[in-house]
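Here is how the chains run, residue by residue.
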Amino acid sequence: MRQRNRSSDRKNPRKQSKVNNKGLYARAVKDAFLKLNPKVAIRNPVMFLVWIGTLITLAVTIDPNLFGRVTGKNVQLFNGLVTAILFLTVLFANFAEAFAEGRGKAQASALRSTKSETIAKQLAPDGSITEVSSTTLKRGDTVYVTAGDIIPADGEVTMGVASVDESAITGESAPVLKESGSDIASSVTGGTRIISDELIIRITAEPGKGFIDRMIALVEGAERSKTPNEIALTVLLAVLTLVFLFVIVTLPALAYYVNSPVSVPVLIALLVALIPTTIGGLLSAIGIAGMDRVAQFNVIATSGRAVEACGDVNTLVLDKTGTITLGNRLAEEFIPINNHTIQEIATVALWASIFDDTPEGKSIVRLAERLGAIIDFDTSYSQGVEFSAKTRMSGTNLPDGSQIRKGAVGAIKGFVRSRGGYDSPELDTANMRVSEQGGTPLAVAVDGEIYGVIYLKDIVKPGIRERFEQLRRMGVRTVMLTGDNRITASVIAREAGVDDFIAEATPEDKIEVIQQEQAQGKLVAMTGDGTNDAPALAQANVGVAMNTGTQAAKEAANMVDLDSDPTKLIDIVGIGKQLLITRGALTTFSIANDIAKYFAIIPVLFASTNLQSLNIMRLSSTNSAVLSALIYNALIIPALIPLALKGVKFKPLTANQLLQQNILIYGLGGVIAPFIVIKFLDVIITIIGLA
Amino acid sequence: MSYFSRKKLPIIIFFITCFNIVIVPVVYATTGKLEPRHTYALTGLGIITLGLVIYLFDVVFRPDRY
């Protein structure tokens, strides 16, 4: 019964956000009106101009003679229609932004529901437990949690092993094992639920600054600031708007000179038709939607800047294990040397791996046991030696003082020599044999004696070669980092199709590779999970930390992958590129639209002069031309909202091919589409007698 | 003082009105044919346009503020 309640309590943010989507439209409509507030509207220069234009045409609707006596039929109706269309244009642009933001807000409310105040059992130094509110916990406090409890804040496990349900943040219902002392499984997130056993946790986040708090702020857009690309585009749009404003301001003098006076509402209509309202209205929606697409991939980006940087990435630095090859390398074979038997090496390999909890270590134990190896000493008097990137070996110190080690061949050679032993040519032969098959050779030794080599089979992920090929076509270079020797690394690199590789790499090599690439003016992306990855994650332009990683890695990175799948980096680069392509495509479309709108309004504006040859659309009247162009201008914004939110379909092409394709589809399409639609609208307006 | 620094809009409207009163005679003298109320409206429109030009220049030179 209790179990059933717990599973029903589990929240999947993706499912939750679908439920909230029902109210998304209503909330977006409400927010679209709230964004009419001048303080908010002023942040978008193009639409702010349209909003001011709307207010002026409204004044002229109320008093058509405000700026001078006007003659003609239905002046008030025409002014009223212009006002209504301009108002709808502003509203549609606000709606696009509000709708894009709404998705993030829905996700934030799902997350907020997990972040309720809980009672935490705080541990005092003397071991006594005091119940306190989770909001009062500070960094450095220690808490005790047991099965059924909600973990009160982010922290590191200092004692115990337990299963934790992290579905509230990852959407993944399978529980995750958390234990102390492990580099990647010891960090826990506040708001998640412990479902078995108990843990003692040291709090690592100040109140209100935990992982879920940061996620809420990010998906809600509270910390959203314009990205460099958005700023550059905003400047371009402001300059274009300024130029067209000068054109419109000087036009009445010209019109007066040719004896074809132009009314203020028509001038405003012409200004709005000329300024790039389409991209002005959709610009922020495109950026927010890009963040949202990354979030839908179960990746949390700390800023839009990070997502955008993904689109400009030139080099991907990838770990071999887990990214290029399947994470769990399995022991395939024991290769005995120095006249040792297969039984002997199996036994030594088993003893070396009894404290090794990695998938590789467990597979060695399984293979050795299958070969009949047994443990004939008291493990409680033995000591496990953990693998470290520095020593590149792990093992066991036996009760009789013997030291058993397994690890990289070079490291084991050094270990043996330091104990008076020697390496043999047989070791190099076995090493070469495993390496040439793309496997990882692990040498096994007891004190000064080498027993043989364990062949760890590495399997390249299916389809990874094609993905690297796509990246190459996009101009992205891939660099594989591996702790394996040069021969193994070259075999895997060739099989996977990476551009470059670094064998026998240490964590320090990662940061060195990144710095070298950056020195050549390239943007670098990488993934990491360990504390020793943190400096490289901070150095990279795009650093993606795994959610299973340490707190230090997550804080250094600018993205956190909740599914802890390093291959996702390739998808994130695709999303970043898609964001930039979408922005470029819609900007091209918006500016191309101006040509048709110009040809629609200018000839009829100077009706009394001989400019009718420019009226290539044969629009029926000035008023009809103005209304048709404005209606098109307004309707194109909601028509393009789905494209802005979904993004232009991404194809792995070179920059030149993309440019050609975009100019053809969105440039030429942007010129032709308004001609057809404006003419159609003119016919409709003339038929119903609106103008 | 803090009230005025918080509520900028009334102050802006006040200054636009004052500026309008100063400019109106110039506009009236230039055109000559307009009624006084049209002159006020046109001057207001000119001031709003000038304000928009200043605003757009500000966006161009300090885009990160927007």
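Up top you'll find the structure we're talking about.
Residue numbers run consecutively from 1 along every chain, following the written order of its sequence. Labels are handed out in written order, letters beginning with A for the chains and numbers beginning with 1 for the ligands. Two thresholds apply to this predicted model, a pLDDT of at least 70 for residue-level local features and 80 or more for giving and counting side-chain atom pairs, whereas whole-chain, interface and lining totals are computed over all residues.

Student: For the overall build of chain B, give the residues involved together with the corresponding values.
Tutor: Think of it this way: any DSSP run of H or I at least four residues long counts as a helix, any run of E at least two long counts as a strand, and we number them from the N terminus. Scanning chain B for helices and strands turns up 3 helices and 0 strands. For chain B, the sequential pattern of α-helices and β-strands runs α-α-α. Residues counted as buried form 11% of the 66 residues belonging to chain B. The exposure scheme places C-beta atoms from the backbone and then counts, for each residue, the other C-beta atoms within 10 Å of its own, assigning buried at 20 or more, exposed at 12 or fewer, and partly exposed in between.

Student: For the overall build of chain A, give the residues involved together with the corresponding values.
Tutor: Each helix and strand in chain A was counted, giving 24 helices and 21 strands. Oriented by its inertia axes, the alpha-carbon framework of chain A measures out at about 110 × 60 × 40 Å. The burial tally for chain A puts 50% of its 691 residues in the buried class. This entry defines residue contacts through backbone-placed C-beta atoms, with two residues in contact when those atoms are within 7 Å. The long-range share in chain A, meaning contacts at least 24 apart out of those at least 6 apart in sequence, stands at 69%.

Student: So, the interface of chain A and chain B: which residues are in play, and what are the values?
Tutor: With 19 residues of chain A in contact, the opposing surface of chain B contributes 15 residues. For the side of chain A that touches chain B, the secondary-structure elements that each account for two or more residues are helix 5 (45-62) and helix 9 (228-257) of chain A. Side-chain classes follow a simple rule in which Ala, Val, Leu, Ile, Met, Phe, Trp, Tyr, Cys and Pro form the nonpolar group, Asp, Glu, Lys and Arg form the charged group, and the remainder, Gly included, forms the polar group. Tallied by class, residues from the side of chain A that touches chain B come to 14 nonpolar, 3 polar and 2 charged.

Student: Residue-level account of the packing of helix 10 (residues 264-274) of chain A against helix 22 (residues 568-605) of chain A, with values.
Tutor: Residues and elements named next belong to chain A. Axes here refer to lines fitted to C-alpha atoms; in helices the fit is confined to the stretch in contact. Angles between the N-to-C directions go from 0 to 180 degrees. Their axes nearest at 9 Å, the elements helix 10 and helix 22 cross at an angle of 160°. With respect to helix 22, the element helix 10 is oriented roughly antiparallel. Note on packing geometry: the crossing formed by helix 10 with helix 22 is left-handed. Taking contact as the criterion, the partners of V266, L270, A273 and L274 in helix 10 are, on helix 22, D594, K597, Y598, I601 and L605. Here the residues of the contact of helix 10 with helix 22 sort into 7 nonpolar, no polar and 2 charged. In this scheme, roughly parallel covers angles under 35 degrees and roughly antiparallel covers those over 145, while 65 to 115 is roughly perpendicular and the rest are oblique. Each crossing is labelled by how the near helix is turned from the far one, with a counterclockwise turn of less than a right angle marking it left-handed and a clockwise turn marking it right-handed.

Student: So what about the nonpolar core? Which residues, and what values?
Tutor: Residue and element names in this part refer to chain A. To form a nonpolar core, buried Ala, Val, Leu, Ile, Met, Phe, Trp, Tyr and Cys residues must be joined through C-beta atoms within 7 Å. Ranked by size, the top nonpolar core spans 148 residues in total, and within it A96 and L630 carry the most contacts. Per-element accounting of this core gives the leading share, 17 residues, to helix 22. Beyond its immediate stretch of four places on either side in the chain, L630 contacts V82, I85, L86, A269, V272 and A273. One finds V365, A408, V446 and L456 within the second-largest nonpolar core, a separate group that totals 38 residues.

Student: How would you summarise the sheet that holds strand 16 (residues 449-457) of chain A if you had to cite specific residues and measurements?
Tutor: All names here are of chain A. With antiparallel pairing, the 6 strands of this open sheet are ordered in space as 11-16-15-14-13-12. Only two strands of the sheet have a single neighbouring strand rather than two, namely strand 11 (330-336) and strand 12 (383-385). Neighbour-to-neighbour, the strand axes of this sheet turn through a mean angle of 20°, independent of strand direction. Sheet topology note: the strand 14 (residues 403-407)/strand 15 (residues 440-446) ladder contains 4 bridges and is antiparallel. Note on strand 15: the bridge partner recorded for K406 is V444. Think of it this way: DSSP has to see at least two bridges between two strands before they count as a pair.

Student: Account for unusual backbone geometry, with residues named and values stated.
Tutor: Residues and elements named next belong to chain A. Of note, the phi angle at D197 is positive, near 60°, even though the residue is not glycine. The topology assignment puts D197 in strand 8 (residues 193-203). D197 sits in the partly exposed class, given 16 other C-beta atoms within 10 Å. The phi dihedral of R392 is positive, around 55°, even though this residue is not glycine. If you trace the backbone, R392 turns up in the loop between strand 12 and strand 13 (393-397).

Student: How would you explain the environment of V434(A) if you had to name every residue and give the values?
Tutor: All names here are of chain A. Relative to the helices and strands, V434 resides in helix 16 (residues 425-436). On the neighbour-count criterion, V434 (25 C-beta atoms within 10 Å) is buried. Each C-alpha atom, one on V434 and one on N662, is 49 Å from the other, the two residues being 228 residues apart in sequence. Not counting the four nearest positions on each side in its chain, V434 is found in contact with G439, P441, V453 and Y455.

Student: Which residues make up the sheet that holds strand 10 (residues 315-319) of chain A, and what are the values?
Tutor: Residue and element names in this part refer to chain A. In spatial order, the strands read 9-21-20-19-10-17-18; together these 7 strands make up an open sheet with mixed pairing. In this open sheet, the two strands that pair with only one neighbour each are strand 9 (299-301) and strand 18 (500-502). Strand-to-strand, the axes of this sheet are offset by a mean angle of 20°, without reference to chain direction. Inspection of the sheet shows strand 19 (residues 524-528) paired to strand 20 (residues 542-546) by 4 bridges, in the parallel sense. Bridge pairing links T527 to V544 in strand 20. Running at roughly 110° to strand 20, helix 12 (residues 304-311) makes contact with strand 9, strand 19, strand 20 and strand 21 (559-561) of the sheet.

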